[in-house]
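Residues per chain are reported as follows:
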Amino acid sequence: MAMKYRSIRTAAWTPVSPEASLTAHYRALPFPEEWRDALLDLCNAGRPAQAEPYRTVPTWRLDQVLQALAPDVLVRPRPSHHKDETPDFWLYAPAEPADPLPGPALRALLATWLRDLRPEPEHRAQRREVEAMLSADPPQWHPVEAELLRCPPTKGGTAAPESRQFQLTTDHLARRILALEPYDSRAGKLHFRAVPRGPRDQGAELVSQPLPWDGKGDRTWWFSVVLNITLHTVPFQPLPRLHLHTHIRRWATRTSPTTGRLRLPFGRRTSVLLRPRVPWLPGAPASERFAVARLEWNRAVKGIDWVGGGPAGMLNGISLAEPFPDADSILSAPEEWLGDMRAAVVYSTAMGSHEVGAGMMSNQRSQIVQWAEQALPEQLQATPTLEFTRRATSHGPVNPRPKPSGDVAKAAEEVRAAAARRLGTAFALTALDDAQEGDRLPVLEARLLWQTAEMRDTAITALVDHLGLKDDGTRPTAEVYETARPGSPAVLEWDTAELVVRLRCLKLTDSLAGDLPLGEGRPTRATVTAALSSRRNEVRTFLSGDRTDAVPCLALVEIDRRQDFTTPDHDPKFALRLGCADAGVLTQFMAVPKKVKGYNSEKTASFRALKSWDDGLRQLGVRVHPQHSLGDRLPEDLRYAAVWMVRKNARSRTRWAGHEPVAVRVTPVHPITGLARVEGWDRRADNGAGKWIPYPALLLRLTALSEVPSTVPAPRSGDAEPTGRPSWWQDMKQQRQQTEEWLQKVVRSLRGTPTLLLAHAQNCRSHWTWLQDGQAEPDRIRTGLSVRPIDPDLRLVRVRTAQGRETAQWWGVRPDEANGVNGLPAHLWTDPTAATDTARVFWSTTPKAFQFSGSAVEADKLAPRPIRLGKRKGELTVDTDKPAWNPGLVELAVLGCHQADGDDPEALALAVHQLRQAPDHPDALSLPLPLHLAGLAQEYVLPTIADEDTTGDPAADSDPDAAEAAGLAQAPEPDSDPEQLSLFVGDGVLN
């Protein structure tokens, strides 16, 4: 029997009171601003007149070297002082240890940095002038006392930590944890060391010694336990909080039998933790911290080297106590370097498989947190235990996904579900076609663009099963399939009481699904864009020859996996999607069935085909809306809207630069069937006034904004970027202004009917700054220059996920302290210490995904444990090779509602929680349904997120399925790229 959890705990700590104060003493080194003009003149010398000049001295290369050679130094972003702000500094070091950066070493580093800034012979004289200025008046360290906890609230009542507290406070707590006795895992003790954090990293990080795991055969795999400490804020709460995240980091040790070196694909980078036998800088004290440097594929050397030349690239003029490691020697013998942790290469999935499973389960995480809490100073305490809401008898919607038991019940449910899908498809098609006449049945016109006969037949059978079609099994002959051409396809048709289903089968010819023609050598962004554009036109021409009256319609496309192409850049999937869209056809992809080493998609072909049809029909608007269970606690006829920002991926392989806001509106139509009308906001309609159009039509119109033009772009000489572009800040200011103008129109269109507006914090707040913790005020809104009360018909809820560690890890508190384990219950959770009439923030958890339903919450990655259930009950097992999966904690902040008119913030949050439990999905969604739909729209503008791999940076070694294929399953707790974390320090610091 499942354990009943009534409360959960988060791995988070908060000050005991607003007056709690904790101070620490540092040495601080200011950046010598008196050099600023001379340094900027040096940096800008000889730059083209059209190019944007440097306005801040670029120190990132020097910061990188400091992380490697002086790991005890905390490198801060270059401060910009404002009136009444506490002064900040460039470098910090704790006051107690010996000077981590002696004067001669610092001067040598600065001189080397200047030579690295402008190595050209023509700038030698100017560089020497600046170097002489440096030598005459070098920067000096100053004693500084820093407040680590106390901070003022914003106008909205939210804690507003100083910028430096995000780094100094977490580092201080990390040092206290390091002072504890090592963690006893029952299989040995974990000894942690700190990893230096640079100006683009947030928080503190501790890494244990490498631990071996003997996998299959005689192979040993290595991993460590990692602790991350970050500082965050919560809307309308005056106290900041510290999060402790625990996860597994796997080390790369498997070399390629072909090259004899670690594999790191082009465009990827990974971090290396270093521990020299003696300090590299002469006169520097020995450090207990790791140093850090990064590797990447270097186009110039046609191989893997330190990023930007790395520390080694700047150190030619400095005499080191021992040579800086050569990248090639680490890549060739990674396990030898790992033995005493002289160099440890962080593993990423791009390097191949790893037999240590990612992630840690809830019970073990709770044990590590309990150990770490011994380091808390008296000014910190654990955040309150959260209790489940009692606003409804069940936390699920009134139309949950059926779970029949027994063969008869399952068969009856399959019949009912198929009939519901036909009804939903008919409803969606009717909404698309305003010209429906009389009793004419709607027609589902679908295409099957196939490559293999096996998958073609499997997909046809899957469509029959999915919609419960009456089928006599009659099929066209193999010759008809092979000779079918656009305009003369192989057609199958079924009539039902709800609709007509017509399937047009065409074989993809002329290599439409083959490698993009990128030529020899490494492709540039320009050549990739041109190849995608060319293939897009070919696909449009192919499908235009098979045009029908049904627009939009759906195509199921059989294509290889991305890794089956020559390189990921050769993948034509995005071009196929755009070309189909140009012909008025939405797309859903399914993989060619293959059986190769470590991968067998033949045995799952039927399941994958069925899921592809299911996902494809959802693009047409076939949705079952989760009906809330709150009755009159919510406004009558409440509908839902969501906004999403489509933004260029930082590693995009094409040239698209910009942003595109997307809005989706979901209007429940039938409370029994769950039918809902799904629409998208077309900002270009009605001469720019905008209007709501069917969701599938929105998807097709978004392709006009794609990063791949519909005409092949002319090649640029040398693939040079255009000059004269605005600065990042100027460009962002313009984007924010455009976004808020767009928001004004969207919000105005929602008036007249009660609407709950949803926005995703991490996705939207860079462009809609009102969503930032430091900006938001209760029951008010800003979509332009002025802040005003929220409209009478509008409610605003901000959703924040575990991305960037912004929500804490969590576990269900075991009811039985003696025998229970800390598990993963699903519910909506509230803070019992918050006043009922002022509580605005709630937390949502959902069940484990289906594929991880059997994972044990008491799984132990470090030591053997007894099996509790089944035939092997009582036997010892260890879970090092098992992937661990934890549903992420989702924060729901009710930023705006009308309590004076009867609104209940907790009821609104519960409705949003129920929106994550769509009855037609096998698992809970990572985001509420309207946000989920808005996020999926970006696939028609940018290549899908699922196509992108992890970077290999330290925090990217996340729990399984962090990519969350197209958002269709709920996200595990991701451990994000630390460079992404820098964009929004603690949510709202960056304005």
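Reading guide: rules and limits
Residues numbered from 1 in each chain as written. Predicted model: local features only at pLDDT ≥ 70, side-chain atom pairs only at ≥ 80, totals over all residues. Heavy atoms only, no water. Helix = DSSP H or I, 4+ residues; strand = E, 2+ residues; numbered from the N terminus. Contact = heavy atoms within 4.5 Å. Areas by Shrake-Rupley, 256 points an atom, 1.4 Å probe, with all protein chains shown as cover. Axes fitted to C-alpha atoms, helices over the stretch in contact; angles between N-to-C directions. Parallel < 35°, antiparallel > 145°, perpendicular 65-115°, else oblique. Left-handed = near helix turned anticlockwise from the far one by under 90°. Nonpolar A, V, L, I, M, F, W, Y, C, P; charged D, E, K, R; others polar. Pairing = 2+ DSSP bridges. Phe/Tyr/Trp six-rings, centres within 6.5 Å; stacked < 30°, edge-to-face > 60°. Buried < 20%, exposed > 50% of the residue type's maximum accessible area, 1.4 Å probe, protein only. Lys NZ or Arg CZ within 6 Å of the ring centre and 35° of its normal. Polar contact = N/O pair within 3.5 Å; in protein donor to acceptor, adjacent residues only side chain to side chain. Expected span 1.5 Å × (residues − 1). Salt bridge = Lys/Arg side-chain N within 4 Å of Asp/Glu carboxyl O. Core = buried A, V, L, I, M, F, W, Y, C linked by side-chain atoms within 4.5 Å. pLDDT = per-residue confidence, 0-100. Disulfide = S-S within 2.5 Å.

## Comments concerning the overall build of the chain
The helix and strand inventory of the chain stands at 22 helices and 40 strands. Once local pairs closer than 6 in sequence are excluded, the contacts in the chain between residues at least 24 apart make up 75%. Taken as a whole, the chain presents about 40,800 Å² of accessible surface, with 51% of it coming from carbon and sulfur.

## Observations regarding the packing of helix α3 (residues 103-117) against helix α4 (residues 124-136)
Packed helices, taken two at a time, are described by their axes: the angle between them and the distance between them. Following both chains from N to C, one finds α3 and α4 inclined at 160°, their axes separated by 10 Å at the closest point. Comparing the axis directions of α3 and α4 gives the class roughly antiparallel. In this structure, α3 crosses over α4, and the sense of that crossing is right-handed. Mapping the contact onto sequence places Leu110, Ala111, Leu114 and Arg115 in α3 and Arg127, Val130, Glu131 and Leu134 in α4. Residues that form the contact of α3 with α4 fall into these classes: five nonpolar, no polar and three charged.

## Things to note about the sheet that holds strand β16 (residues 303-306)
Read from one edge of the open sheet, four strands run β16-β15-β14-β17, paired in antiparallel fashion. The outermost strands of the open sheet, each flanked by one partner alone, are β16 and β17 (343-345). In this sheet, neighbouring strand axes are inclined to one another by 30° on average, regardless of whether the strands run parallel or antiparallel. When strand β14 (residues 269-274) meets β17, the two strands line up antiparallel, connected through three bridges. Residue pairing for β17: leucine 274 is matched across the bridge by alanine 343.

## Some remarks on the packing of aromatic side chains
By convention here, two paired aromatic rings are described through the distance between centres and the angle between planes. This model, assessed by the stated rule, comprises eleven aromatic pairs. Each ring, one from phenylalanine 388 and one from tryptophan 829, has its centre 6.3 Å from the other, and the planes form 75°; the classification is edge-to-face. With phenylalanine 388 in strand β19 (residues 386-388) and tryptophan 829 in strand β36 (residues 827-830), this pair connects stretches of sequence that are 441 residues apart. For the residue pair phenylalanine 388 and tryptophan 829, the accessibility class agrees, reading buried in each case. Grouping aromatic residues by their ring pairs yields a cluster made of Tyr26, Phe89 and Tyr92. Directly above the ring of tryptophan 221 sits arginine 219, whose terminal nitrogen or CZ lies 5.3 Å from the centroid. In this structure, arginine 456 packs its charged tip against the face of tryptophan 450, placed 4.6 Å from the ring centre.

## Details of the sheet that holds strand β24 (residues 585-591)
Read from one edge to the other, the open sheet built from five strands follows the order β21-β22-β20-β23-β24, with strand pairing classed as mixed. This sheet does not close on itself; its edge strands, each paired only once, are β21 (490-495) and β24. With strand direction ignored, the average angle separating the axes of adjacent strands in the sheet is 20°. Sheet topology places β21 next to strand β22 (residues 500-507); six bridges connect them, and they run antiparallel. Residue alanine 490 lies in a different strand from β22, and its bridge partner there is cysteine 505.

## Some words on the packing of helix α2 (residues 60-69) against α3
Running from N to C, α2 and α3 point in directions that differ by 140°, and their axes come no closer than 10 Å. With respect to α3, the element α2 is oriented oblique. Of the two elements, α2 crosses α3, and the hand of that crossing is right-handed. Across from Arg61, Leu62, Val65, Leu66 and Leu69 in α2, the residues of α3 making contact are Leu109, Leu110, Trp113 and Asp116. Classifying every residue of the contact of α2 with α3 gives seven nonpolar, no polar and two charged.

## Overview of the side chain of glutamate 939
As for its position among the elements, glutamate 939 is in the loop between α21 (929-936) and α22 (978-981). A polar atom in the side chain of glutamate 939 sits 3.3 Å from the side chain of arginine 577.

## Here's the deal with the pairing of β16
In this structure, strand β15 (residues 291-298) lies alongside β16, joined through four bridges in antiparallel fashion. Following the sheet pairing, leucine 295 is matched in β16 by tryptophan 306. Linking β15 to β16, which pair antiparallel, is a turn of four residues; within it lysine 302 sits at a positive phi near 55°.

## What about the environment of threonine 527?
Relative to the helices and strands, threonine 527 resides in helix α13 (residues 525-544). For threonine 527 and proline 517, which are ten residues apart along the polypeptide, the C-alpha to C-alpha distance reads 9.0 Å.

## Focus: helix α15 (residues 605-619)
Taking 1.5 Å per residue as the helical rise, α15 with its 15 residues ought to reach 21 Å, and the 21 Å between its terminal C-alpha atoms agrees with that figure. With twelve of 15 residues buried, α15 lies mostly within the body of the structure. Glycine 621, located one to two residues past α15, shows a positive phi value of around 100°.

## Things to note about the pattern of salt bridges
Under the definition given, this model contains 60 salt bridges. In this structure, the salt-bridge partner of arginine 76 is aspartate 88, at a minimum N-O distance of 2.9 Å. With arginine 76 in the loop between β4 (74-75) and β5 (91-94) and aspartate 88 in the loop between β4 and β5, this pair connects stretches of sequence that are twelve residues apart. Across the pair, exposure class does not vary: arginine 76 and aspartate 88 are buried alike.

## What to know about the side chain of threonine 783
Mapped onto the elements, threonine 783 comes out in the loop between β32 (780-781) and β33 (788-789). When near neighbours in sequence (up to four residues on either side) are disregarded, threonine 783 contacts Glu740, Glu741, Leu743, Gln744, Val747, Trp768 and Arg788.

## Looking at α21
The buried fraction of α21 is high, at eight of eight residues. Regarding α21, the residues found buried are Leu929, Pro930, Leu931, His932, Leu933, Ala934, Gly935 and Leu936. Elements in contact with the buried residues of α21: β27 (639-647), β28 (659-668), β29 (676-682), α17 (695-702), β31 (755-760) and β34 (794-800).

## Brief notes about the nonpolar core
Leu448, Leu449, Trp494, Leu503, Cys505, Trp613 and Leu758 are the most contacted members of the largest nonpolar core, which totals 105 residues. The leading source of residues in this core is helix α11 (residues 453-467), at seven residues. Leaving out residues up to four positions away in the same chain, tryptophan 494 has contacts with Ile460, Leu463, Val464, Leu469, Lys470, Asp471, Leu499, Val500, Val501 and Leu503. Ranked by size, the runner-up nonpolar core spans 56 residues in total, among them Leu40, Trp113, Ile318 and Val345.

## Focus: the environment of glutamate 454
Within the secondary structure, glutamate 454 sits in helix α11. Residues within four places of glutamate 454 in sequence aside, it is in contact with Pro593 and Glu602.

## Focus on the pairing of strand β37 (residues 841-845)
By the criterion of burial, β37 is predominantly enclosed, with five of the five residues buried. Burial along β37 is two-sided: Val841, Trp843 and Thr845 facing one way and Phe842 and Ser844 facing the other are all buried. Judged from the three bridges that link them, β36 and β37 form a sheet pairing that is antiparallel. Within β37, the position partnered with tryptophan 829 by the bridge is tryptophan 843. Examined bridge by bridge, β37 and strand β40 (residues 890-896) share four bridges and lie antiparallel to one another.

## Remarks on the confidence of the model for the chain
Per-residue confidence for the chain averages 86 on the pLDDT scale, and 89% of its residues sit at or above 70. Every residue in residues 715-724 is under pLDDT 50, and counting partners more than four places away or in other chains gives eleven contacts. Within the model, the stretch residues 944-991 combines pLDDT values under 50 with 175 contacts to residues more than four positions away or in other chains.

## Considerations on unusual backbone geometry
The backbone of aspartate 510 sits at a positive phi, close to 55°, despite the residue not being glycine. Summarising the element assignment, aspartate 510 is placed in the loop between β22 and α13. The residue arginine 805 is not glycine, and still its phi comes out positive at about 60°. As for its position among the elements, arginine 805 is in the loop between β34 and β35 (810-812).

## Let's talk about the state of the cysteines
With the rule as written, the count across this model stands at zero disulfides. With no disulfide of its own, cysteine 553 has cysteine 580 as its nearest cysteine by sulfur position, at a separation of 9.1 Å.

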